[in-house]
Structure formats: structure tokens, C-alpha cells
Amino acid sequence: FHKPSEEKINGKNKAMVVHLVHKSKDGKLAVIGVLIDEGTENPVIKTIWSNLPKKHNEENVQSKITINASDILPAKREYYHFMGSLTTPPCTEGVAFYIMKNTIQVSSEQVKAFPYKMNARPTQPLNGRQVFESK
């Protein structure tokens, strides 16, 4: 999760973004990004926030809680696609990004409750990269 979003649509950030990072058996990386608007409370985010570690660099293992990552995805699954780099160290290059066109919502209280006040890398210039759209 990043606050505010690291991606911009039409030049504007969203309140937050969640990056679902995937690594294939051969080491290739892909990220599904879901932009987050302020709106209604999100039950999946409520579960995640309720079970975050209390201290930085501390684990909070919860064996009785299950999160299905697809529950974070918007109902309509159109996306933008581009090649980029991870936004946190080591900032690995050659990452396939799929940013959902449609957002999910969290309440303003959930945005405020996110433990990091600002943990987003500034949006990077395209530098000749192409952005593709799903249909």
C-alpha cells in the first residue's frame, strides 16, 4: 500500500494504491495496481488494517484470518499496462505493471488509519515508455 497513489490518471493521484506484486518461477515480476478513492468503508481493508503489526519491522502472524487478494480488485477489470520498475528498493527494472482503470473505495477513516503518512515514490516520467489499454 502506498499513500498517496504512485500512479496518476489524467495527471491526478488517488488517495492510495495497493500493489499486488507477483514473481514467476523464472524470476519475472508483475504488479497489479489498484487505485483507491475515499468513499465507503472497505471490509477487506478493515481486516488488513486491524491485523497490521503494532511496531515497525515486526510480524503479526494470524493463522485464523484469510485474505483473498482478488477481493481487493475492482469488479470491472480493465487496465493500463506499461513496463517499469519496482517503486521500493531495489527498484528492479523490467517489471510488467497492470494498473486497474477502475478504483476501489476505502473510508476517509481508513485512509487516516494507514500507519504511514506518506510512503509513495514520486510519479516517474514516461521517458519514452508506452502505456497500453485493455479493451
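Residues numbered from 1 in each chain as written. Predicted model: local features only at pLDDT ≥ 70, side-chain atom pairs only at ≥ 80, totals over all residues. Heavy atoms only, no water.

Trainee: Explain the overall build of the protein chain residue by residue, including any values.
Mentor: Broken down by element type, the protein chain carries two helices and six strands. The N-to-C order of helical and strand elements in the protein chain reads β-β-α-β-β-β-α-β. Computed over its C-alpha atoms, the radius of gyration of the protein chain comes to 15 Å, within 12% of the 14 Å expected for a compact globule of 135 residues. If you line up the protein chain on its principal axes, its C-alpha atoms span 45 × 35 × 25 Å. With 135 residues in all, the protein chain has 32% of them scored as buried. Carbon and sulfur atoms provide 53% of the accessible area of the protein chain, an area that totals close to 8900 Å². Both charge centroids of the protein chain, one from 19 positive and one from 13 negative side chains, sit 1 Å from each other. (Helix = DSSP H or I, 4+ residues; strand = E, 2+ residues; numbered from the N terminus. Rg over C-alpha atoms; globule rule 2.2 N^0.38 Å. Buried < 20%, exposed > 50% of the residue type's maximum accessible area, 1.4 Å probe, protein only. Areas by Shrake-Rupley, 256 points an atom, 1.4 Å probe, with all protein chains shown as cover. Lys, Arg positive; Asp, Glu negative; His and termini not counted. Charge placed at Lys NZ, Arg CZ, Asp CG, Glu CD.)

Trainee: Tell me about the nonpolar core, and please be specific about residues and values.
Mentor: Within the largest apolar cluster, 16 residues are counted, with the highest numbers of intra-cluster contacts made by Met16, Val18, Val34, Ile36, Ile48, Trp49 and Ile72. Residue assignment for this core shows that the elements contributing at least two residues are strand E1 (16-23), strand E2 (29-38), helix H1 (43-50) and strand E5 (104-106). Not counting residues up to four positions away in its chain, the partners in contact with Val34 are Met16, Val17, Val18, Ile72, Leu73, Pro74, Met100 and Ile104. By size, the runner-up hydrophobic cluster in this structure holds nine residues, among which are Leu35, Leu86, Val95 and Phe97. (Core = buried A, V, L, I, M, F, W, Y, C linked by side-chain atoms within 4.5 Å. Contact = heavy atoms within 4.5 Å.)

Trainee: Can you lay out the environment of Lys101 for me, pointing to particular residues and giving the numbers?
Mentor: Mapped onto the fold, Lys101 is located in the loop between strand E4 (93-100) and E5. Overall, Lys101 belongs to the partly exposed group, its relative accessible area being 27%. For the pair formed by Lys101 and Ser85, sequence separation is 16 residues and the distance between their alpha carbons is 19 Å. A distance of 3.4 Å separates the side chain of Lys101 from the backbone oxygen of Ser134, its partner in a polar contact. (Polar contact = N/O pair within 3.5 Å; in protein donor to acceptor, adjacent residues only side chain to side chain.)

Trainee: An account of the pairing of E1 is needed here, citing residue identities and associated values.
Mentor: Here E1 runs beside E2; their pairing, made up of eight bridges, is antiparallel. Each residue of the ladder has a partner; that of Lys23, found in E2, is Leu29. If you look at the hairpin formed by E1 and E2, you'll find five residues sitting between the two strands, and Gly27 has a positive phi there, around 90°. (Pairing = 2+ DSSP bridges.)

Trainee: Residue-level account of the pattern of salt bridges, with values.
Mentor: Enumeration over the complete set of coordinates arrives at two salt bridges. Notably, a salt bridge pairs Glu133 with Lys101, separated by 2.6 Å at the nearest N-O pair. Here the residue Glu133 occupies a position in strand E6 (residues 132-133), and Lys101 occupies one in the loop between E4 and E5, the gap between them amounting to 32 residues. (Salt bridge = Lys/Arg side-chain N within 4 Å of Asp/Glu carboxyl O.)

Trainee: Go over unusual backbone geometry, please, and point to the residues and values.
Mentor: The peptide bond linking Lys3 to Pro4 adopts the cis configuration, its omega dihedral lying at -5°. Positionally, Pro4 belongs in the segment before E1. Residue Pro90 follows Pro89 across a cis peptide bond; omega there is 15°. Non-glycine residue Cys91 carries a positive phi angle of around 55°. Turning to its location among the elements, Cys91 is positioned in the loop between strand E3 (79-85) and E4. Phi at Asn127 takes a positive value of approximately 50°, unusual for a residue other than glycine. Here Asn127 shows up in the loop between helix H2 (108-113) and E6. Overall, Asn127 belongs to the exposed group, its relative accessible area being 69%.

These figures come from the coordinates and say nothing about function on their own.
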